[in-house]
Amino acid sequence: MSEVNRFPEDFLWGAATSAYQIEGSPLADGAGPSIWHRFAHAPGGGHIANGDTGDVACDHYHRFAEDVALVADLGLNAYRFSISWSRILPAGRGAVNPRGVAFYDRLVDTLLARGIQPAVTLYHWDLPAALDDDGGWRNRDVADWFADYARVVFRALGDRVPLWATINEPWVIMDGGYVHGTLAPGHRDVAAGPPVAHNLLRAHGAAVQAYRAEGKRHIGIVLNLEPKHPASDTPQDGDAARRADAYMNRQFLEPVLGRPYPAELPEVFGAAWPAVTDADLRLIAQPIDYLGVNYYKRGVTRHDDAPPIKAAAVLPPGAVYTETGWEVYPPGLTETLLWVRERTGDLPLYVTENGAAFVDPPTATNGRMDDPLRVAYYRAHLRAALEALRRGVNLRGYFAWSLLDNLEWSLGYAKRFGLVHVDYATQRRTPKASARFYADVVRTRGAALFEPHPLVLPAMMPWM
Ligand code: IFM
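Residues numbered from 1 in each chain as written. Predicted model: local features only at pLDDT ≥ 70, side-chain atom pairs only at ≥ 80, totals over all residues. Heavy atoms only, no water.

Engineer: Go over the pairing of strand E10 (residues 349–353) with me, naming the residues and quoting the values.
Structural biologist: In terms of burial, E10 is largely enclosed, as 5 of its 5 residues are buried. Relative to E10, strand E7 (residues 290–294) runs parallel, the two being bridged by 4 bridges. When the bridges of E10 are listed, Val293 appears paired with Val351. Looking at chain direction, E10 and strand E11 (residues 395–401) are connected through 3 bridges and run parallel. Bridge pairing links Tyr350 to Gly397 in E11. Traced from E10 through helix H14 (residues 372–390) to E11, the parallel crossover comes out right-handed. (Buried < 20%, exposed > 50% of the residue type's maximum accessible area, 1.4 Å probe, protein only. Helix = DSSP H or I, 4+ residues; strand = E, 2+ residues; numbered from the N terminus. Pairing = 2+ DSSP bridges. Right-handed = clockwise from strand over helix to strand, strands pointing away.)

The following block contains the structure:
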């Protein structure tokens, strides 16, 4: 196999997780409650499927050394995790909780001792509940609150963490948490969308600024991007796809890169569109060292009259869907990376999340757990990543979502994304076949992607 069909030697190979989804013990050692803790324990019944909560999750808070050993066993050289803001600052601002800091200190040292690079995300959806009482992401002051929190973390871990991300998937935070209320904090208010998005981006800029004063390595933001394809050739569907693209993709990418918000948005949101000053845009456009791209699917889109963006998702017939109802569409990863490259030039890119929930066997048989659909999924998407590299994308690393089965937010524990199966009754971890496959890809720098795999039948997925 020629070098063009191999990932570079210095490629970062990782797996990703986030604090609330795996840690458990959300109030341990002086931590304050987050909006997710509150959402899960809402009076009259929590808002997570099956009454699930993050109280125990994967008990990573106590088992992190075992989990780091799993990362090492897979041969990965990077691990992406997030920090819980309310472990560090229980009320979101003010007093620092040293025992919360000490947890991440131990985690970082344990990773480094195994030769694994920590990639830290400062915010993966778990706002301190006390800040939500003061308006949360709707309050412009949140940019300062976030920068102050980030500064504490930079000072504690900055000497050892080479790769930082400010915010994970601001679009989801805004759309799920404030517009549709399906995610914490559960607000349902179309008019909250644009100011929340703007404040998330301002907070990102303020944290990057704080980092430049403290840190010397790499910082960026993680966006979940998906190509929006019109469902038909009609001008109405074409316009709907453009609006969906402006809302989900360009609303976040353009201002981070120093360009204005997409023109479609003030039109869509009317009076709800916030006053955007040049000073705000300058804050948002702090130079970043890389962009993190989370890719799961494309969005086939048709016109619809429903607010806010008058567009609806279409599920193409004949496609393969994951357990979360997402179309499996590997070419969209190459398309997304090329699309980003057109806008970012040579800025380093990482695929910071990619993966799928499929039904797994309930228990391991002889220590084995076969997950052929997930193997096929990773195989096709890693080939798509390699194709992007071949076409000149400056792709520096790939993180599988997720290392472990974990709490899939409002969908609870039933949706399993892990490379490693977690038996929640016993907390026993069992690497799935996809974990072994991913380890082979890493070890061979991609050659394993082109070898026949005993679990993957050619007919299993149409694009294989
Ligand atoms: O589990 C989430 C993660 O927290 C953010 N990105 C998408 C994943 C799958 O839904």
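Engineer: Explain the sheet that holds E10 residue by residue, including any values.
Structural biologist: Taken in spatial order, the 8 strands close into a barrel running E1-E2-E3-E4-E5-E7-E10-E11, and their pairing is parallel. Across the sheet, the axes of successive neighbouring strands diverge by a mean angle of 25 degrees, strand direction being ignored. Sheet topology note: the strand E4 (residues 163–168)/strand E5 (residues 218–224) ladder contains 4 bridges and is parallel. Its bridge partner lying in E5, Trp164 is registered against Ile219. Docked against the sheet, H14 engages strand E1 (12–16) and E11, running at close to 165 degrees with respect to E11. (Axes fitted to C-alpha atoms, helices over the stretch in contact; angles between N-to-C directions. Contact = heavy atoms within 4.5 Å.)

Engineer: Give me the lowdown on helix H5 (residues 98–113), citing residues and values where you can.
Structural biologist: For H5, which comprises 16 residues, the first-to-last C-alpha distance of 22 Å matches the rise-based estimate of 22 Å (1.5 Å per residue) to within 8%. Along H5, the residues that are buried comprise Gly100, Val101, Phe103, Tyr104, Leu107, Val108 and Leu111. Projected down its long axis, H5 carries its buried residues within an arc of 155 degrees, all on one side. For H5, the exposed residues lying more than 90 degrees away from the buried face are Pro98 and Ala113. The elements touched by buried residues of H5 are helix H1 (19–22), helix H3 (60–73), strand E2 (78–82), helix H4 (85–88), strand E3 (117–123) and helix H7 (142–157). Looking at the residues trailing H5, positive phi occurs at Gly115, about 75 degrees. (Expected span 1.5 Å × (residues − 1). Arc of directions from axis to C-beta.)

Engineer: If you had to explain unusual backbone geometry to someone new, which residues and values would you point to?
Structural biologist: Put simply, Ala184 and Pro185 share a cis peptide bond, and its omega is 10 degrees. Relative to the helices and strands, Pro185 is located in the loop between helix H8 (170–179) and helix H9 (193–214). The peptide bond linking Trp401 to Ser402 adopts the cis configuration, its omega dihedral lying at 10 degrees. Here Ser402 shows up in the loop between E11 and strand E12 (420–423). A positive phi angle, close to 55 degrees, is found at Asp29, a residue other than glycine. In this structure, Asp29 sits in the loop between H1 and helix H2 (35–40). Even without a glycine there, the phi angle at Glu169 is positive, about 55 degrees. Position of Glu169 among the secondary structure elements: in the loop between E4 and H8.

Keep in mind that these numbers describe shape and distance, not what the molecule does.
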